[in-house]
Amino acid sequence: MERNIMQELAEWKNLEKDRMPLLLYGVRQVGKTYILREFGDRYFKNSIYVNFERMQVVADFFNGELSPDRIILLLEEYFGQKVIPEETLLIFDEIQACERALTSLKYFCEEAPEYHVAAAGSLLGVAINREAYSFPVGKVITKTLYPLRFDEFLCALGQDHLVSLIREHYDEMREMPENTHREILHWYDRYLFIGGMPAAINQYKERGSLINVPEMQSLILNAYTADMAKYTSNSESTKIRNAFQSIPAQLAKENKKFQYKLIRKGATAGLFGDSIAWLIFSGVVLSCERVTRGENPLIAFRDVSAFKLYLSDVGLLSAFTGIMPEDIIRNTLSEIYKDALTENYVAQTLTAGGYHLYYWTDDAPVAEIDFLIQKEGKIIPVEVKSGENVNSKSLKHFQKLAQPEKMIRLSRKNFGSEGAVCAIPLYAAFCL
């Protein structure tokens with residue numbers, strides 16, 4: 001599968017000075033190993049792949065002095081091949097299983113920047129927030145691999161021409177031919193069910209059917225649950241699982257603000273704050289924070305007591321809730337859950353596009369903007385509609401208060417514009 005991040009990796013390789021080791025974040029089974037090995041095959045003469053969970057002998061190399069020269073020599077002897085600057089990619093996978101290897105990245109940066117070292121691991125966000133780790137602050141370049149966006153999904157299924165059409169019509173804000181619009185909505189509906197996890201997409205690609213996709217998604221969800229038990233204490237893992245399992249209920253309501261009472265009776269931020277932080281740091285969920293004002297910079301107006309949580313992948317949300325293929329294709333889902341899936345889709349798309357997630361509410365009158373994005377110094381409200389009913393009192397209210405130059409409405413309707421409002425089909429969210 002071609003991933004958008006490959007271009008960023010190529011730019012990192014071609015840095016002529018001040019190159020630092022690369023640290024690739026990403027939730028489990030999002031394709032980190034695949035992309036780094038593909039990167040090595042495509043851009044280097046050879047690569048050395050180390051999996052610290054499986055290769056304990058190699059992990060032991062890092063118990064001694066962390067001199068890059070010493071480590072390179074040991075790797076050359078173990079793998080029987082030379083490590084040549086500019087020609088060899090060193091891949092340190094599952095690096096969270098070897099704390100000393102993570103620390104070694106500092107010395108590769110300071111003493112041997114000529115080497116290309118790319119590291120990845122599951123639960124890296126959790127690992128580096130543990131006191132035992134000596135994280136190489138300022139000595140690594142960090143990037144995150146997210147589930148495939150809708151454009152990557154289309155390309156993976158041989159629909160590259162549709163991606164080009166979407167970008168072209170977005171750039172010109174020109175209406176898509178109706179037949180093509182309906183065709184792309186057909187793929188969008190399937191994306192809501194399949195999502196962007198590579199294994200789920202491959203399952204659909206190989207079988208040409210949605211029927212077996214939930215089984216693969218369930219395996220991924222089970223792996224996430226297993227991680228909650230593997231990397232935390234018994235009491236903490238129970239709280240993490242309880243918080244995680246409440247997410248469908250959190251999203252299945254008009255006000256999607258996270259409510260602790262939906263985890264269990266008597267739940268509070270004091271009891272479950274660390275559990276939610278674990279889910280966010282692991283990448284399993286995405287946090288969308290409330291802001292009290294739609295002004296620049298948004299971070300200055302955060303209300304830390306109010307937030308929404310989405311799953312990192314909309315397909316996993318579909319599997320989590322037991323949605324069947326026919327529910328989406330026949331349009332038999334409840335309106336409130338169609339809204340939940342659609343918001344989750346937009347949340348993961350904006351996150352993959354580099355945006356921090358914020359939303360805005362006002363109490364008098366009651367109004368909510370699903371997402372606010374900060375782009376080129378401007379604040380742009382993004383209203384999300386799961387269907388073609390696009391009436392929005394909230395958007396009009398926000399316009400009166402903040403007077404944004406541009407507003408975006410995502411729905412199943414075609415491209416168009418109404419004054420300051422840009423009407424964009426949901427399938428074009430990746431263009432933002």
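Look a little higher up for the structure.
Attention here is on the structure that accompanies the text. Not measured: the values here are computed from a predicted model.

Brief notes about the overall build of the chain
In terms of regular secondary structure, the chain is built from 18 helices and 13 strands. Taking 432 residues into account, the globule formula puts the C-alpha radius of gyration at 22 Å, and the chain, at 23 Å, falls close to it. With the C-alpha coordinates of the chain rotated into their principal frame, the extents come out at 65 × 50 × 45 Å. In the chain, which comprises 432 residues, the proportion classed as buried is 54%. Once local pairs closer than 6 in sequence are excluded, the contacts in the chain between residues at least 24 apart make up 69%. Approximately 19000 Å² of the chain is accessible, and the part contributed by carbon and sulfur atoms is 47%. Here the chain contributes 49 positive and 56 negative side-chain charges, whose respective centroids are spaced 5 Å apart.

Some thoughts on the packing of helix α9 (residues 178-194) against helix α10 (residues 198-207)
Between two packed helices, the angle of one axis relative to the other and the distance separating the axes together describe the packing. Viewed as axis vectors pointing N to C, α9 and α10 meet at an angle of 125°, and their least axial separation amounts to 10 Å. As far as their axial angle goes, α10 and α9 are oblique. Viewed along their axes, α9 and α10 form a crossing whose handedness is right-handed. Facing W187, R190 and I194 of α9, the residues of α10 in contact are A200, I201 and Y204. Across the contact of α9 with α10, the residue classes tally to five nonpolar, no polar and one charged.

Section: the sheet that holds strand β11 (residues 407-411)
Spatially, the eight strands line up as an open sheet ordered β7-β6-β8-β9-β10-β11-β13-β12, and their pairing is mixed. Because the sheet does not close on itself, it has two edges, and the strands there are β7 (302-311) and β12 (416-418). Neighbouring strand axes in the sheet, compared pairwise and without regard to direction, differ in orientation by 35° on average.

A few points about the pairing of strand β8 (residues 358-363)
Look at any regular strand and the pattern is simple: side chains alternate between the two faces of the sheet. Summarising the sheet, strand β6 (residues 285-291) and β8 pair through three bridges and their orientation is parallel. By the bridge assignment for β8, E289 is matched with Y358. The pairing of β8 with strand β9 (residues 366-375) spans five bridges and is classified as antiparallel. Paired with T361 across the bridge in β9 is E368.

Details of the nonpolar core
Core analysis: the largest hydrophobic core is formed by 105 residues, its most contacted members being F150, I166, Y345, F371, L410 and Y427. The greatest single-element share of this core, amounting to eight residues, is contributed by α9. Every residue in contact with Y345, bar those within four places of it in the chain, is listed here: F150, Y188, Y191, L192, V314, L426, Y427 and A429.

Quick notes on empty space enclosed by the protein
By rolling a water-sized probe across the atoms, one finds the places where empty space is left. Scanning all chains against the criterion turns up one cavity of 30 Å³ or more. Each pocket or cavity is described by its volume, and for the largest cavity that value is around 30 Å³. Listing elements by their share of the lining of the largest cavity, those giving two or more residues are α11 (213-230) and α14 (269-282).

Reading guide: rules and limits
- Residues numbered from 1 in each chain as written.
- Predicted model: local features only at pLDDT ≥ 70, side-chain atom pairs only at ≥ 80, totals over all residues.
- Heavy atoms only, no water.
- Helix = DSSP H or I, 4+ residues; strand = E, 2+ residues; numbered from the N terminus.
- Rg over C-alpha atoms; globule rule 2.2 N^0.38 Å.
- Buried < 20%, exposed > 50% of the residue type's maximum accessible area, 1.4 Å probe, protein only.
- Contact = heavy atoms within 4.5 Å.
- Areas by Shrake-Rupley, 256 points an atom, 1.4 Å probe, with all protein chains shown as cover.
- Lys, Arg positive; Asp, Glu negative; His and termini not counted.
- Charge placed at Lys NZ, Arg CZ, Asp CG, Glu CD.
- Axes fitted to C-alpha atoms, helices over the stretch in contact; angles between N-to-C directions.
- Parallel < 35°, antiparallel > 145°, perpendicular 65-115°, else oblique.
- Left-handed = near helix turned anticlockwise from the far one by under 90°.
- Nonpolar A, V, L, I, M, F, W, Y, C, P; charged D, E, K, R; others polar.
- Pairing = 2+ DSSP bridges.
- Core = buried A, V, L, I, M, F, W, Y, C linked by side-chain atoms within 4.5 Å.
- 1 Å grid on protein atoms, 1.4 Å probe; cavity = no way out; pocket = protein on both sides within 12 Å on 5 of 7 lines; lining within 4 Å.
- Points joined across faces, edges and corners; volume = space filled by probe spheres on them.

On their own, these measurements won't tell you what the molecule is for.
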